[in-house]
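Topology and contacts: notes
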Amino acid sequence: RISEDTGFGNSTTSATGNAQADMESTSSEGVVVASAFRVLLALLRYGTSSTKSAVLQQLRDKELLRSLICLGAEITQERWFPANVGTNLLLILRDLCTLPPSKLHEDGEMLELYDMACVMLQSCMRLIEPKLDATIEQGQLHGGIVRPMAAQEELLMRQVVLTYQVL
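Residues numbered from 1 in each chain as written. Predicted model: local features only at pLDDT ≥ 70, side-chain atom pairs only at ≥ 80, totals over all residues. Heavy atoms only, no water.

Right, let's get into the overall build of the protein. Across its full length, the protein holds 7 helices and 0 strands. Traced from its N-terminal end to its C-terminal end, the protein shows the element sequence α-α-α-α-α-α-α. Nonlocal contacts in the protein, meaning residues at least 24 apart in sequence, comprise 75% of its contacts between residues at least 6 apart. Accessible surface computed for the protein: about 9600 Å², of which carbon and sulfur atoms make up 57%. (Helix = DSSP H or I, 4+ residues; strand = E, 2+ residues; numbered from the N terminus. Contact = heavy atoms within 4.5 Å. Areas by Shrake-Rupley, 256 points an atom, 1.4 Å probe, with all protein chains shown as cover.)

Shown next as structure tokens:
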């Protein structure tokens, strides 16, 4: 289970360089997990239709999905930025939650899958919310001039929004 505290809000200010370096720091285990998520995503995006179906079927196993989400949270220390683990996992979740055109509704037994996706999204939002608040406040104080987000922050936020749209 993803804990309630992401650890992101513990420091009120940090140097941009330190924040960027911290965002990009990834352990060797994190690199392996990120690679595995990229492989899964590549199979879903570029595999044959039978490969895509097989991968989606396997990912619909609630225990496997729970393990993937918990592994991503643990490896990134619930920061989701390192090696774009959170971004790639959200892309996988979007593919998993998107119903094919031939299906009108999701099976009731898959409610737990959507709940797990929402828990991850909430964790990502708790991470991004202070950044959004600071960006808005900075824009208000400096006449609308806002520091742009780092690429990883922007990717994660974009995937959070798009995943919420699918759910």
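Having seen the model, we can carry on.
A word on unusual backbone geometry. Backbone geometry at Trp80 places phi at a positive 65 degrees, although glycine is not the residue there. Note that Trp80 resides in the loop between α4 (62-75) and α5 (85-97). Overall, the relative accessible area of 0% leaves Trp80 in the buried class. If you check the backbone angles, Asn84 has positive phi at about 55 degrees while not being a glycine. Residue placement: Asn84 occurs in the loop between α4 and α5. With a relative accessible area of 21%, Asn84 lands in the partly exposed category. (Buried < 20%, exposed > 50% of the residue type's maximum accessible area, 1.4 Å probe, protein only.)

Within this structure, the stated rule accounts for 5 salt bridges. A salt bridge links Arg45 to Asp95; the nearest nitrogen and oxygen atoms lie 3.0 Å apart. You can see Arg45 sitting in helix α2 (residues 28-46) and its partner Asp95 sitting in helix α5, a full 50 residues away along the chain. A residue is classified by how much of its surface remains accessible, and Arg45, at 34% relative accessible area, is partly exposed. Put simply, Arg158 and Glu154 hold a salt bridge, and the shortest N to O gap is 3.3 Å. Linking Arg158 with Glu154, this pair stays in helix α7 (residues 151-166), spanning 4 residues, or about one helical turn. (Salt bridge = Lys/Arg side-chain N within 4 Å of Asp/Glu carboxyl O.)

It is worth spelling out the state of the cysteines at this point. Counted under the stated rule, the structure contains 0 disulfides. As a non-bridged cysteine, Cys118 has Cys97 as the owner of its nearest cysteine sulfur, 8.2 Å distant. (Disulfide = S-S within 2.5 Å.)

What follows concerns the nonpolar core. Generally speaking, a soluble globular protein has its nonpolar side chains buried in company with each other. Among the nonpolar cores identified, the biggest contains 36 residues, and Leu59, Trp80, Leu90, Met120 and Leu156 are the most heavily contacted of them. Elements represented by at least two residues in this core include exactly α2, α3 (49-59), α4, α5, α6 (111-141) and α7. Here this core gets 9 residues from one element, more than from any other, and that element is α6. (Core = buried A, V, L, I, M, F, W, Y, C linked by side-chain atoms within 4.5 Å.)

Here the focus is the packing of α4 against α6. Contact geometry of α4 with α6 gives a least axis separation of 10 Å together with a crossing angle of 5 degrees. With respect to their mutual orientation, α4 and α6 come out roughly parallel. On α6, the residues that touch Lys62, Leu65, Arg66 and Ile69 of α4 are Glu112, Leu113, Met116 and Met120. Tallied by class, residues from the contact of α4 with α6 come to 5 nonpolar, no polar and 3 charged. (Axes fitted to C-alpha atoms, helices over the stretch in contact; angles between N-to-C directions. Parallel < 35°, antiparallel > 145°, perpendicular 65-115°, else oblique. Nonpolar A, V, L, I, M, F, W, Y, C, P; charged D, E, K, R; others polar.)

With that settled, consider α5. Taking 1.5 Å as the rise per residue, α5 with 13 residues should run 18 Å; its terminal C-alpha atoms sit 18 Å apart, in good agreement. Counting buried positions along α5 gives 12 out of 13 residues, so the element sits mostly inside the fold. Elements in contact with the buried residues of α5: α2, α3, α4, α6 and α7. (Expected span 1.5 Å × (residues − 1).)

Attention shifts here to α7. In this model, α7 (16 residues) spans 23 Å end to end at C-alpha, consistent with the 22 Å of a helix rising 1.5 Å per residue. The complete set of buried residues in α7 reads Gln152, Glu153, Leu156, Met157, Gln159, Val160 and Thr163. Along the long axis of α7, the arc covered by the buried residues comes to 165 degrees, so they all point the same way. Residues of α7 that are exposed and angled more than 90 degrees away from the buried face: Ala151, Val161 and Gln165. (Arc of directions from axis to C-beta.)

That's the geometry; what it means functionally is another story.
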